[in-house]
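Here is how the chains run, residue by residue.
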Amino acid sequence: MVNGPLSSAEEPAERIDGRAVAARVVDRVAAATQRLKTEAGVVPGLAVVLVGDDPASQVYVGAKGKKATELGFHSVQHTLPTGTTEAELLELVGRLNDDLDIHGILVQLPLPDLIDKNRVIEAISPEKDVDGFHPINVGRLASGAGNAMVPCTPAGCLILLRDTLGDRLAGLDAVVIGRSNLVGKPIAQLLLGENCTVTIAHSRTRDLPSVVRSGDVVVAAVGRPEMIRGDWIKPGATVIDVGVNRVPAPERGAGKTRLVGDVAFAEAARVAAAITPVPGGVGPMTIAMLMANTLTAAYRRVGRTPPDMS
Ligand code: GUN
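Novice: Explanation requested: the overall build of the chain in the structure shown.
Specialist: Regarding its fold elements, the chain presents 10 helices and 11 strands. Against the 2.2 N^0.38 benchmark of 19 Å for 310 residues, the chain shows a C-alpha radius of gyration of 20 Å, consistent with a compact globule. Buried residues in the chain amount to 49% of all 310 residues. The contacts in the chain between residues at least 6 apart in sequence include a share of 69% that link residues at least 24 apart.

What follows is the structure, given as structure tokens:
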């Protein structure tokens, strides 16, 4: 914690270290995994399903399986061809629902066009829905029930915000840019739960810069490289950048690329009190929270209260 959220930041912004916070979460998951094994003889099991050969999805799915294996989870990956039918995928989800060794099921999105993603999501047992996308979990989160599976990226954003702002989060004006089911809507619910006053802005919002300027907390999840400029940021704000955009980087050599967020980092860092970098901010939190959700599912299956892994 460096500057107060409402103070004018003359110092360069604190860089919120997502890698360090994610490592802490993973350490807690590892310790709780050991306890569950010793006390209940249960090994958390995660099944990740990939349909098709999208290169980015292959990388994400591989990273999820690797982390699960490192943690000593039972980790399985099902890779299905692009031409897989919805019925075939639903049949696999049904088998995973019935498999007692599996506590968490993740079907990587996007799915091929001919498969209705909502049907697939709704087929996953809500108790095994470690993505938190099933309507039962969406409803539990919206109604403030304690037993929701919370989507991994928003859950990770909230931990970063709590770490940075602590008790000062309550009462702040939060602006979420983006209204996706994956990030925008669930992070808005989580921030409401923290007693923030929440605005959800999106592509049709009028005068987006002035809406963003009202935010003590800004969460950017639009998928447009460096769209949010430094002069849109309220001095002293805390900025969470969920965007991961690959852009050309000719300065690194012909054909080279680099990753940037949805926020123009260098500009915003001159104004904000604290900001997540890209990479190294929200990204590492997503996998850490997937592991935490899988462990939570395993604890609940044996009737135990999951530990707090934040
Ligand atoms: N594709 C991109 N992000 C995600 C995610 O968090 N979960 C799933 N299932 N697919 C994704």
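Picking up after the structure, the text goes on.
Novice: It is not clear to me how unusual backbone geometry should be interpreted in this structure. Could you clarify?
Specialist: Peptide bonds are mostly trans, and most non-glycine residues show a negative phi. Going from Leu109 to Pro110, the amide bond is cis rather than trans, its omega being 0 degrees. Mapped onto the fold, Pro110 is located in the loop between β4 (104–107) and α4 (117–123). Although it is not a glycine, Asn195 sits at a positive phi angle of roughly 70 degrees. Position of Asn195 relative to the elements: it lies in the loop between α7 (184–193) and β6 (197–201). In this structure, Glu226 takes a positive phi of about 50 degrees despite not being glycine.

Novice: Looking at this model, I keep getting lost on the site of the ligand. Mind explaining?
Specialist: Neighbouring residues of the ligand: Leu106, Val107, Gln108, Leu109, Asp131, Phe133 and Leu182. Leu109 places a main-chain nitrogen or oxygen 2.9 Å from a nitrogen atom of the ligand. Asp131 is positioned such that a nitrogen or oxygen atom in its side chain is 2.6 Å from a nitrogen atom of the ligand. Relative to its free-state accessible area of 280 Å², the ligand is covered by the protein chains to the extent of 80%.

Novice: Is there a simple way to think about the sheet that holds strand β3 (residues 74–80) in this case?
Specialist: With parallel pairing, three strands are arranged side by side in an open sheet as β3-β2-β4. Looking along the sheet, the strands with just one partner apiece sit at the ends: β3 and β4. Sheet twist, expressed as the average angle between the axes of neighbouring strands with direction ignored, equals 15 degrees. Alignment of strand β2 (residues 45–51) against β4, held across four bridges, turns out to be parallel. The residue of β4 that forms the bridge with Leu46 is Gly104. Packing of helix α10 (residues 283–301) onto the sheet brings it into contact with β2 and β4, and relative to β2 it is tilted by some 125 degrees.

Novice: Can you help me understand empty space enclosed by the protein in this one?
Specialist: Rolled over the atoms, a probe with the dimensions of a water molecule shows which regions are left empty. For the coordinates displayed, the defined rule picks out two cavities of 30 Å³ or more. Its boundaries defined by the atoms lining it, the largest cavity holds a volume of some 40 Å³. Every residue lining the largest cavity is listed: Val107, Leu109, Ile121, Ile124, Asp129, Asp131 and Phe133. Across the lining of the largest cavity, the residue classes tally to five nonpolar, no polar and two charged.

Novice: Where do I start with the side chain of Ser57 in this structure?
Specialist: With respect to the helices and strands, the residue Ser57 is situated in helix α2 (residues 55–70). Residue class for Ser57 comes out buried when judged on its relative accessible area of 4%. Within the structure, Ser57 has its side chain in polar contact with the side chain of Asp54 (distance 2.9 Å). Not counting residues within four places of it along the chain, the set of residues in contact with Ser57 comprises Leu50, Gln108, Leu109 and Pro110.

Novice: Can you walk me through the nonpolar core in this structure?
Specialist: Nonpolar side chains tend toward joint burial in soluble globular proteins. Counting residues in hydrophobic clusters, the biggest one holds 56 residues, and the most contacted among them are Val29, Val219 and Ile240. Mapped onto this core, the elements with two or more residues apiece are α1 (18–40), β2, α2, α6 (152–165), β5 (173–177), α7, β7 (217–220) and α10. Here the element with the most residues in this core is α10; it accounts for nine residues. Residues Val175, Val218, Val239 and Ala269 belong to the second largest nonpolar core, which totals 21 residues.

Novice: What should I look at first to understand the pattern of salt bridges in this one?
Specialist: When their charged atoms lie close together, side chains carrying opposite charge are able to pair. Going through the model one piece at a time under the given rule, you end up with 11 salt bridges. With a closest N to O distance of 2.6 Å, Arg119 and Glu86 form a salt bridge. Residue Arg119 is located in helix α4, and its partner Glu86 is located in helix α3 (residues 86–98); the two are separated by 33 residues in the primary sequence. The partner of Arg258 in a salt bridge is Glu251, with the nearest N and O atoms 3.5 Å apart. According to the relative accessible area criterion, Arg258 is partly exposed, its value standing at 26%.

Novice: Just checking my understanding: could you explain the packing of α2 against α10 for this structure?
Specialist: Packed helices, taken two at a time, are described by their axes: the angle between them and the distance between them. Contact pair α2 / α10: the axes reach a minimum separation of 10 Å and the direction vectors enclose 50 degrees. Taken together, the axes of α2 and α10 lie oblique to each other. For the crossing formed where α2 meets α10, the hand is right-handed. Judged by residue contacts, Ala63, Lys64, Lys67 and Ala68 of α2 engage Ile287, Leu290 and Met291 from α10. Here the residues of the contact of α2 with α10 are counted per class, giving five nonpolar, no polar and two charged.

The rules we used
Residues numbered from 1 in each chain as written. Predicted model: local features only at pLDDT ≥ 70, side-chain atom pairs only at ≥ 80, totals over all residues. Heavy atoms only, no water. Helix = DSSP H or I, 4+ residues; strand = E, 2+ residues; numbered from the N terminus. Rg over C-alpha atoms; globule rule 2.2 N^0.38 Å. Buried < 20%, exposed > 50% of the residue type's maximum accessible area, 1.4 Å probe, protein only. Contact = heavy atoms within 4.5 Å. Near = heavy atom within 4 Å. Polar contact = N/O pair within 3.5 Å; in protein donor to acceptor, adjacent residues only side chain to side chain. Areas by Shrake-Rupley, 256 points an atom, 1.4 Å probe, with all protein chains shown as cover. Pairing = 2+ DSSP bridges. Axes fitted to C-alpha atoms, helices over the stretch in contact; angles between N-to-C directions. 1 Å grid on protein atoms, 1.4 Å probe; cavity = no way out; pocket = protein on both sides within 12 Å on 5 of 7 lines; lining within 4 Å. Points joined across faces, edges and corners; volume = space filled by probe spheres on them. Nonpolar A, V, L, I, M, F, W, Y, C, P; charged D, E, K, R; others polar. Core = buried A, V, L, I, M, F, W, Y, C linked by side-chain atoms within 4.5 Å. Salt bridge = Lys/Arg side-chain N within 4 Å of Asp/Glu carboxyl O. Parallel < 35°, antiparallel > 145°, perpendicular 65-115°, else oblique. Left-handed = near helix turned anticlockwise from the far one by under 90°.

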